Amino acid sequence: MQLESKRNVLQLSSLNHISLVCKSVDQTSEFYINVLGFVPVKRPAALQFPGAWLVGHGIGIHLLQSENPEYLPNKTVINTKDNHISFQCESMGMVEKKLGEMGIDWVCLRVEEDGIDMDQVFFHDPDGFMIEICNCESIPIIPLDGKMHKPCALNKMRVQH
């Protein structure tokens, strides 16, 4: 299959969710709710396997219970080049303070580009999946075609109360 040069061939509009396989859906749900501020939402009853749906920050996270949790890798070393999801924050200092108060191990990096600093904090969820918190909006997004773009606000997900 040859890739076309058109920018949005599939007419995608936004990221909807990511799915994560968990050792314990309950433990991982608690982490995403209490540490990252996600909200649990109703999951379709037609899904006949253990899991949970969470929403927040413009995306959904679908947690899936592993059928063999004992075989999932135990990641303890924070490798900033590992697969991860990243969240923009308002205050890196507050993030570092709160993670310390919660006893969560983290690693901080600083990236400098054309005199602009961007800070990143990396840590694991209970299953070893990497989370990044950053002030990434400080770095301009410049597509390789040379046209300047700024990050756009994510569509707000509708949550029924």
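Residues numbered from 1 in each chain as written. Predicted model: local features only at pLDDT ≥ 70, side-chain atom pairs only at ≥ 80, totals over all residues. Heavy atoms only, no water.

**Q** Mind showing me how you'd approach the side chain of Arg43 here?
**A** With respect to the secondary-structure elements, Arg43 resides in the loop between strand 2 (39-41) and strand 3 (51-56). One buried charged side chain, Arg43, makes no salt bridge at all; its nearest oppositely charged neighbour is Asp26, positioned 10 Å away. Of note is the side chain of Arg43, whose polar atom sits 2.9 Å from the backbone oxygen of Phe49. Apart from residues lying up to four places away in sequence, Arg43 is in contact with Phe49, Pro50, Gly51, Ala52 and Trp53. (Helix = DSSP H or I, 4+ residues; strand = E, 2+ residues; numbered from the N terminus. Buried < 20%, exposed > 50% of the residue type's maximum accessible area, 1.4 Å probe, protein only. Lys, Arg positive; Asp, Glu negative; His and termini not counted. Salt bridge = Lys/Arg side-chain N within 4 Å of Asp/Glu carboxyl O. Polar contact = N/O pair within 3.5 Å; in protein donor to acceptor, adjacent residues only side chain to side chain. Contact = heavy atoms within 4.5 Å.)

**Q** I keep staring at helix 2 (residues 92-101) and nothing clicks. Help me out?
**A** Spacing of three or four residues puts side chains on the same side of an α-helix, whose turn is 3.6 residues. Where helix 2 is concerned, the buried positions are Met92, Val95 and Leu99. Buried residues along helix 2 cover an arc of 55° about the axis, so they all sit on one side. Those residues of helix 2 that are buried lie in contact with strand 7 (116-124) and strand 8 (130-134). The first or second residue beyond helix 2 is Gly103, which carries a positive phi of 75°. (Arc of directions from axis to C-beta.)

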